[in-house]
Amino acid sequence: MASHAFHAEDDGLACPEVGAWAETKHRLLALYDELFSTGMKNKWDQRVYIDLYAGSGYSRIRGTKTILKGSPIIALTVPSPFDKYIFCEENPDLLTALKARVKRIAPGVSVSFVSGRCDSEIERICAEIPQHSSNNKVLSLCLVDPFDFGIKFETLRRLSAVFVDFVVLLAIGMDANRNYDRYVDGNSTKIDEALGNTQWRERWKAVGVRRRDFRPFLADEFSKSMESLGYLRKPLDRMKLVRSDDKNLPLYYLALFSRSETAYKFWDDVLKYSTDQTAFWD
Ligand SMILES: C[S@@+](CC[C@H](N)C(=O)[O-])C[C@H]1O[C@@H](n2cnc3c(N)ncnc32)[C@H](O)[C@@H]1O
């Protein structure tokens with residue numbers, strides 16, 4: 001995929017700033033969306049794309065004029081588009097910009113916009129997913145892309161009642177480091193909510209490892225929580241660790257959670273291409 005495929009022209013609508021590393025995320029998502037939507041096309045009657053933290057559709061790399069297409073636009077423009085899209089965004093200004101971009105870029109597609117926090121609006125989101133039946137098999141792909149480790153596991157648990165794969169951005173690099181003391185001593189419930197349990201604290205104390213192992217520990221704990229919902233638990237090296245461009249610090253893991261091995265075949269292709277920069281960028 002050529003680099004310009006991810007870039008857009010300024011259209012004057014809301015366009016939040018992001019770090020340069022966001023481009024890596026978008027490239028990985030673009031490849032996975034494409035493999036998933038094409039690969040699942042003849043196996044399911046309807047494929048649904050859900051973006052719980054959709055954003056405005058475009059973002060600008062901080063300190064530059066480069067505008068990146070965001071995850072909703074990337075998913076809308078795959079070669080075999082999904083049959084339905086559901087975009088949730090809590091910021092009304094960003095959602096207004098997203099609506100305008102969707103109308104301009106993909107006018108014919110079936111899209112539902114959900115305004116508000118995905119956690120409190122989860123029933124509305126679920127109601128937008130077409131009913132699955134033996135005559136209408138529905139598979140969803142859900143992107144979970146918050147700014148920090150603000151995921152609420154209960155939201156994913158509710159969604160997992162349908163056939164859904166998740167691509168989750170585990171933004172635990174900087175967050176877990178900066179707030180380590182508050183998280184571990186129990187003053188903050190943020191990690192409890194992201195993992196859906198409080199027992200992780202005992203497990204962390206029991207392993208007695210170093211603070212720098214907290215990040216992989218949390219990623220593994222998240223996998224364990226997803227396993228409790230029937231998702232396959234994979235080793236950490238099947239997650240993509242993305243580092244900051246300037247200081248090479250770990251920022252986040254991008255991880256796939258599926259109940260089927262088929263999706264991991266696509267995911268492995270994404271991991272393969274992302275480590276082979278030449279193949280991935282051109
Ligand atoms: C990292 S950005 C998403 C970027 C987008 N996925 C992309 O690739 O262009 C996170 C977005 O989630 C929104 N947000 C934060 N908390 C939210 C919540 N609980 N529910 C829905 N949206 C939320 C923010 O306003 C922000 O636009």
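Just so we're clear, the structure is a prediction, and the values are computed from it rather than from any experiment.

About the cut-offs
- Residues numbered from 1 in each chain as written.
- Predicted model: local features only at pLDDT ≥ 70, side-chain atom pairs only at ≥ 80, totals over all residues.
- Heavy atoms only, no water.
- Near = heavy atom within 4 Å.
- Polar contact = N/O pair within 3.5 Å; in protein donor to acceptor, adjacent residues only side chain to side chain.
- Areas by Shrake-Rupley, 256 points an atom, 1.4 Å probe, with all protein chains shown as cover.
- Nonpolar A, V, L, I, M, F, W, Y, C, P; charged D, E, K, R; others polar.
- Buried < 20%, exposed > 50% of the residue type's maximum accessible area, 1.4 Å probe, protein only.
- Helix = DSSP H or I, 4+ residues; strand = E, 2+ residues; numbered from the N terminus.
- Pairing = 2+ DSSP bridges.
- Expected span 1.5 Å × (residues − 1).
- Arc of directions from axis to C-beta.

**Section: the site of the ligand**
Okay, so step 1: Close to the ligand lie 18 residues; H26, S71, E89, C118 and D145 are nearest.
Okay, so step 2: Between the ligand and the protein, one listed contact pairs a nitrogen atom with a backbone N or O atom of Y53 at 3.2 Å.
Okay, so step 3: Within the side chain of E89, one N or O atom sits 2.6 Å away from an oxygen atom of the ligand.
Okay, so step 4: Contact with the protein chains covers 89% of the free accessible surface of the ligand, which is 610 Å².
Okay, so step 5: Taken together, the residues of the shell around the ligand break down into six nonpolar, six polar and six charged.

**Quick word on the pairing of strand β7 (residues 111-115)**
Okay, so step 1: Along β7, the buried face is formed by S112 and V114; none of V111, F113 and S115, which line the opposite face, is buried.
Okay, so step 2: Relative to β7, strand β6 (residues 84-89) runs parallel, the two being bridged by five bridges. Each bridged residue has a counterpart across the sheet, and for E89 the counterpart in β7 is S115.

**Structural notes on helix α11 (residues 261-275)**
Okay, so step 1: Compared with the 21 Å implied by 1.5 Å per residue over 15 residues, the 21 Å span of α11 between its first and last C-alpha is a close match.
Okay, so step 2: Considered for burial, the residues of α11 that qualify are A263, Y264, F266, W267, V270, L271 and S274. Viewed end-on, α11 has its buried residues packed into an arc of 155°, placing them on one side of the element.
Okay, so step 3: Its side-chain oxygen placed 3.0 Å from the backbone nitrogen of T262, S260 serves as the N-cap of α11.

**Side note on unusual backbone geometry**
Okay, so step 1: In the Ramachandran plot, N248 falls in the positive-phi region, its phi being about 60° despite a non-glycine side chain.
Okay, so step 2: Structurally, N248 can be placed in the loop between β10 (240-243) and β11 (250-257).
Okay, so step 3: Given the relative accessible area of 49%, N248 is considered partly exposed.

None of this, on its own, says anything about what the molecule does.
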